[in-house]
Amino acid sequence: MEFRTASREAVDVVIVGGRVAGCAVAIPLARAGRSVVVLERARFPSNTLSTHGLFPGHVAELDALGALGRVLACEPPLGRRFDFHLGDVHLVEPVPSHLGFDYGICVGRPQLDMALVETARDAGAEVREGCTATEVVHAGSRVAGVRYTRASDGREVSLGARLVVGADGRYSRMAEFFGVGRPYRTSRNLRGFAWRYMSDPRRDEPARFIISRGRTVAMVGPMPAGLMIVATMPPVSDIGWWRKDANAAWAAMLAEHPVVVERVVGATVGEDELEACGLPASVLSCSRLTSFFRASTGAGWALAGDAGHFKDPTVAQGIRDALRHGRLLGEIAASCIDVPWELDRSLAGWEMQRDRDCISSYHWANRESRFIPELDVVFGKVLKSFQTPARDGGLLADALCRKRRPEQVLDPRRSARCLLQALAEPGVDRRRLLGIAAGEARAEIDLRLERRSHGFRNRGPTASERPEAVSS
Ligand SMILES: Cc1cc2nc3c(=O)[nH]c(=O)nc-3n(C[C@H](O)[C@H](O)[C@H](O)COP(=O)(O)OP(=O)(O)OC[C@H]3O[C@@H](n4cnc5c(N)ncnc54)[C@H](O)[C@@H]3O)c2cc1C
C-alpha cells in the first residue's frame, strides 16, 4: 500500500507525548533503525502530577530500555526494605528480588523523564519539545499523520507517519482524535493523593519504604540529593481540605501515622535541594484518579501508557506498565510497520497482551482505593500472617514489585483464614463483616473469571468497579 501523507515530511512513527510511555515506545523503534519523531508540548526537564515509587518491576523495565544507568546516575538511595504498618501491627519485608533487581528507588519526574528522553535521543529518536499535536491526518480509513503547533514560532506543521501513537496521558486528546475518547470501562477513585518533598533527616540510614495504612494511607520514600517524598492517600473528599488548609490536613495525617512522624522529625522543606531537582516546595494534590481502559489500537494508530489505560495510583504501578507496554509496542511495531494489515493485527495483539498483564492490578487498585474500616481488621491479620512468610512462600510486597499477581499474594485460603480470625475479635460486627466479605469474594471471583475468559475489551462492570461516565 502506498502511504499518502498531507505533508512533505514523513517518518515511520510519530509519538505524541514524551514522558515514560512515549520514550518507551520510541527507544526500540529507533534502535531498530525506524525513523521516529516524539512531539512533546512541555520542555524537559519538567515535573508532572505524579509520585514515583519505582520497585523491581519498574527498575527492570528501565534496564530493558537501557535507561537505568542514567537514572542511577542521579544517585537515588537504593531502598531494600518495606515497612508496612497498620495500627500496632508492623511487618518488615526485604524488597523481593525480581528479574535481577532487589531494590526500589524514588526519582522525581523531572530527572526520571529526562533520563528517558536522553536515552531515546541516543537511540536515534528525534524528541521535539514545545510541540503540541492539534489534529490527526487520515489517508482513507487509516491514520496517516498529525498536525502540530510549534511553540517557538507558532507555526502549524504536518507530519506524515505509518503509525501514530498517542502517549499523551490520561486526558488524551489523541484518543479523541482517534474516536475513542470515552473509555469503555471505568472505576471511580475513592481516595485522592497529596504529597510533598522534604529534606531527609535520616539520609545516612539504610533506605526503606514506609507504607502505613488507616483511614488515610501514608507512604515515605527516600530520594536523591538527600530528599524524601511523603505521600498520603486520603478519602477523595478530603482533597478540598488539603487544598484549603494543607497545614491542618498535614497535621491530621501525621496524628494518624506515628511512624511517619518518627520519620519526618527534623525534616525541613529543603528548598535549595528541591530547586536543584526541579521539584516544588508546596503540597501537591490530585483528586481525579478514575481508573479506565480505552480501546487502544486501530488502523495506523495506538494509545500507549495512561492514554490507553489508567489505574488508581494507590498501588503505584502506572510507570511500570507505561514503560513495559510502551517498549513492547515499539518492539512489535518495529518488526511489521512496512505491512499495514500486519501492523494493525499485531497492534491488536499487543493491546490484548497489555490488558492481560494489567487486569489484576486494575482490580487491585479499584479495591485499594476504598476505605472500609472492617476490612482493615482483616488486613491487620493479613500483615501478621506475612510475619512468617516461609510457610506460605512469597512476600506481601511481591504484588507491588510485580513478582506475583495480587490474587496470588492474597490467595483465598489466606484470606479466609484471616477473615475467621477477624470474626473472632471482640467487638467486631460479625454480620456486617460477613456482608463485606461476601462482596470481596464476588470481586475475587469476577477477577478470576475475567482472567480465565481473556475477554478482549470486556466492558465489565465487575464487583471491584464503580463505573463512572468519563469523557476524555
Ligand atoms: C497522583 C499520582 C501518583 C502516581 N504515583 C505513581 C507511582 O508512585 N508509581 C507509578 O508507577 N506510577 C504512579 N503514577 C502513575 C504514573 O504517573 C503514570 O502512569 C505515568 O506518568 C504515565 O506516563 P505517560 O507517559 O503515559 O503519561 P504522562 O506522564 O501523563 O505524559 C504525557 C505527556 O504527554 C504530553 N502531551 C499531552 N498532550 C499533548 C499534545 N497534544 N501534544 C504534545 N504533547 C502532549 C504531556 O505534556 C505529557 O508530558 C501516579 C499517578 C498519579 C496521578
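See the structure shown above.
Keep in mind it's a predicted model, so treat the numbers as computed, not measured.

> I would appreciate a short explanation of the overall build of the protein in the present structure.
What the protein contains, in helices and strands, is 16 helices and 20 strands. For 472 residues, the compact-globule estimate of 2.2 N^0.38 gives 23 Å, and the C-alpha radius of gyration of the protein, at 22 Å, lies within 12% of that figure. Summarising its shape, the C-alpha atoms of the protein cover approximately 75 × 50 × 45 Å along the three principal directions. Considering only contacts within the protein whose residues lie at least 6 apart along the sequence, 75% involve residues at least 24 apart. For the protein, the exposed area adds up to about 19100 Å²; of that, 51% sits on carbon and sulfur atoms. Taking the average place of the 64 positive charges on the side chains of the protein and the average place of its 57 negative ones, the gap between the two points comes to 5 Å.

> What should I look at first to understand the packing of helix α15 (residues 412–423) against helix α16 (residues 430–453) in this one?
For any two helices packed against each other, one specifies the inter-axial angle together with the distance between the axes. Axis separation between α15 and α16 bottoms out at 11 Å; the angle between their running directions is 175 degrees. By the angle between their directions, the pair α15 and α16 is classed as roughly antiparallel. Every residue of α16 that contacts α15 at P412, L419, A422 and L423 is listed here: R430, L433, L434, A437 and R448. Of the residues assigned to the contact of α15 with α16, the class counts are 7 nonpolar, no polar and 2 charged.

> Please explain the packing of aromatic side chains as it appears in this structure.
The geometry of an aromatic ring pair is captured by the separation of the ring centres together with the interplanar angle, meaning the angle of the planes. Within this structure, the stated rule accounts for 10 aromatic pairs. Ring geometry for F178 and W301: centres 4.6 Å apart, planes at 20 degrees, overall stacked. With F178 in the loop between α5 (173–177) and β11 (185–187) and W301 in strand β19 (residues 301–303), the pair connects residues that are 123 residues apart, well separated along the chain. Taking relative accessible area as the criterion, F178 reaches 11% and is therefore assigned buried. Between F193 and W195, the aromatic rings sit 6.0 Å apart at their centres with planes inclined by 80 degrees, giving edge-to-face as the arrangement.

> Which parts of the structure should I look at to understand the side chain of T119?
Structurally, T119 can be placed in helix α4 (residues 109–123). Residue class for T119 comes out buried when judged on its relative accessible area of 1%. Aside from chain neighbours lying at most four places away, what touches T119 is I27, R31, L65, G66, A67 and R70.

> Is there a simple way to think about the nonpolar core in this case?
Counting 52 residues, the largest nonpolar core has I15, L112 and L116 as the members making the most contacts within it. If you tally residues by element for this core, the top one is helix α1 (residues 20–31), at 9 residues. Not counting residues up to four positions away in its chain, the partners in contact with L116 are V20, C23, I27, L62, L65, A67 and L323.

> Where do I start with the site of the ligand in this structure?
In the vicinity of the ligand, 33 residues are found, and the nearest of them are R19, E40, S50, T51 and D306. The separation between an oxygen atom of the ligand and a polar main-chain atom of H52 is 3.4 Å. Residue G53 places a main-chain N or O atom 2.9 Å away from an oxygen atom belonging to the ligand. Contact with the protein chains covers 95% of the free accessible surface of the ligand, which is 1000 Å². Secondary-structure elements contributing two or more residues to the shell around the ligand are α1, β2 (36–40), β8 (131–139), β12 (193–199) and α10 (318–336).

> Can you help me understand empty space enclosed by the protein in this one?
Any empty space left between the atoms is revealed when a probe the size of a water molecule rolls over them. A complete count under the given rule lists 2 cavities of 30 Å³ or more for this structure. The space that makes up the largest cavity amounts to roughly 160 Å³. Forming the walls of the largest cavity are 14 residues, and the residues nearest its centre are D355, R356, E450, H454 and G455. Mapped by element, the contributors of at least two residues to the lining of the largest cavity are α11 (340–368) and α16. No other element matches α11, which puts 4 residues into the lining of the largest cavity.

> Honestly, the sheet that holds strand β20 (residues 309–310) in this entry has me stumped. Any pointers?
Taken in spatial order, the 3 strands line up as β11-β17-β20 in an open sheet, and their pairing is antiparallel. The outermost strands of the open sheet, each flanked by one partner alone, are β11 and β20. The pairing of β11 with strand β17 (residues 291–293) spans 3 bridges and is classified as antiparallel. Within the sheet, the bridge partner assigned to S187 lies in β17 and is S291. The sheet strands contacting α11 are β11, β17 and β20, and the helix crosses β17 at an angle near 160 degrees.

> Explanation requested: helix α2 (residues 56–64) in the structure shown.
What sets the pattern is the α-helix's 3.6 residues per turn: residues three or four places apart point alike. Across the 9 residues of α2, 7 count as buried, placing the element largely inside the fold. Those residues of α2 lying buried are P56, G57, H58, V59, A60, E61 and L62. Tucked inside the fold, the buried residues of α2 contact β3 (53–54), α3 (68–72), β6 (105–106), α4 and α10. A positive phi of about 80 degrees marks G66, the residue just after α2.

> Got a minute to help me understand α15 in this structure?
Here α15 spans 16 Å end to end across 12 residues, near enough to the 16 Å set by a 1.5 Å rise per residue. Looking only at α15, the buried set comprises R414, C418, L419, A422 and L423. Down the axis, α15 shows its buried residues gathered within 170 degrees of arc, on one side only. Away from its buried face, by an angle of more than 90 degrees, α15 presents the exposed residues R413 and L420.

> Just checking my understanding: could you explain the sheet that holds strand β16 (residues 284–286) for this structure?
Each strand in a sheet pairs with another by means of backbone hydrogen bonds, the pair being arranged parallel or else antiparallel. Read from one edge of the open sheet, 7 strands run β5-β4-β13-β14-β15-β12-β16, paired in mixed fashion. Each edge of the sheet is formed by a strand with only one pairing partner; in this case those strands are β5 (89–94) and β16. Strand-to-strand twist across the sheet, computed as the mean angle between neighbouring axes with direction ignored, equals 15 degrees. As paired strands, strand β4 (residues 81–86) and β5 are joined by 6 bridges and run antiparallel to one another.

The rules behind these values
Note that residues are indexed from 1 along each chain, following the sequence as it is written. Local features in a predicted model are, by the rule used here, given only for residues with pLDDT of at least 70; side-chain atom pairs are given and counted only at 80 or more, and totals for whole chains, interfaces and linings are based on all residues. As a rule here, side-chain values cover all heavy atoms of the structure and leave hydrogens and water aside. Comment: elements are numbered from the N terminus, with helices defined as DSSP H or I runs of at least four residues and strands as E runs of at least two. Throughout, the radius of gyration refers to the C-alpha atoms, and the reference size of a globule is 2.2 Å times the residue count to the power 0.38. It only takes one pair of heavy atoms within 4.5 Å for two residues to be counted as in contact. Here, Shrake-Rupley sampling with a 1.4 Å probe gives the accessible areas, and only protein chains in the shown set may cover a residue. In this tally, Lys and Arg are treated as positive and Asp and Glu as negative; His is ignored, and so are the chain termini. Charge positions are represented by NZ for Lys, CZ for Arg, CG for Asp and CD for Glu. Fitted lines through C-alpha atoms give the axes, limited to the stretch in contact for helices. The angle between two N-to-C directions lies from 0 to 180 degrees. Orientation labels follow simple angle bins: below 35 degrees gives roughly parallel, above 145 gives roughly antiparallel, 65 to 115 gives roughly perpendicular, and whatever is left gives oblique. Each residue gets one of three labels, nonpolar for Ala, Val, Leu, Ile, Met, Phe, Trp, Tyr, Cys and Pro, charged for Asp, Glu, Lys and Arg, and polar for the others, Gly among them. Stacked, edge-to-face and tilted labels apply to pairs of Phe, Tyr and Trp rings (six-membered ring for Trp) whose centres lie within 6.5 Å, assigned for plane angles under 30 degrees, over 60, and everything in between, in that order. Only protein chains enter the calculation, and the probe is 1.4 Å; a residue is then buried if its accessible area is under 20% of its type maximum, exposed if over 50%, and partly exposed in between. Put simply, a nonpolar core is a bunch of buried Ala, Val, Leu, Ile, Met, Phe, Trp, Tyr and Cys residues held in one set by side-chain atoms that sit within 4.5 Å of each other. Here a residue is near a molecule or strand as soon as one of its heavy atoms is found within 4 Å of it. Here a polar contact is taken to be a pair of N or O atoms separated by no more than 3.5 Å, where protein atoms must pair a possible hydrogen donor with a possible acceptor and residues adjacent in sequence count only if both atoms sit in side chains. Space inside and on the surface of the protein is sampled on a 1 Å grid over the protein atoms alone, with a cavity defined as a set of points where a 1.4 Å probe fits but cannot get out and a pocket as an open set with protein on both sides within 12 Å along at least 5 of 7 lines; lining residues have an atom within 4 Å of a point. Grid points are joined across faces, edges and corners, and a volume is the space filled by probe spheres set on the points. Following DSSP output, two strands are said to pair if at least two bridges run between them. The length a helix should cover is 1.5 Å for every residue beyond the first. As used here, the arc is the angular range of directions from the helix axis to the C-beta atoms.

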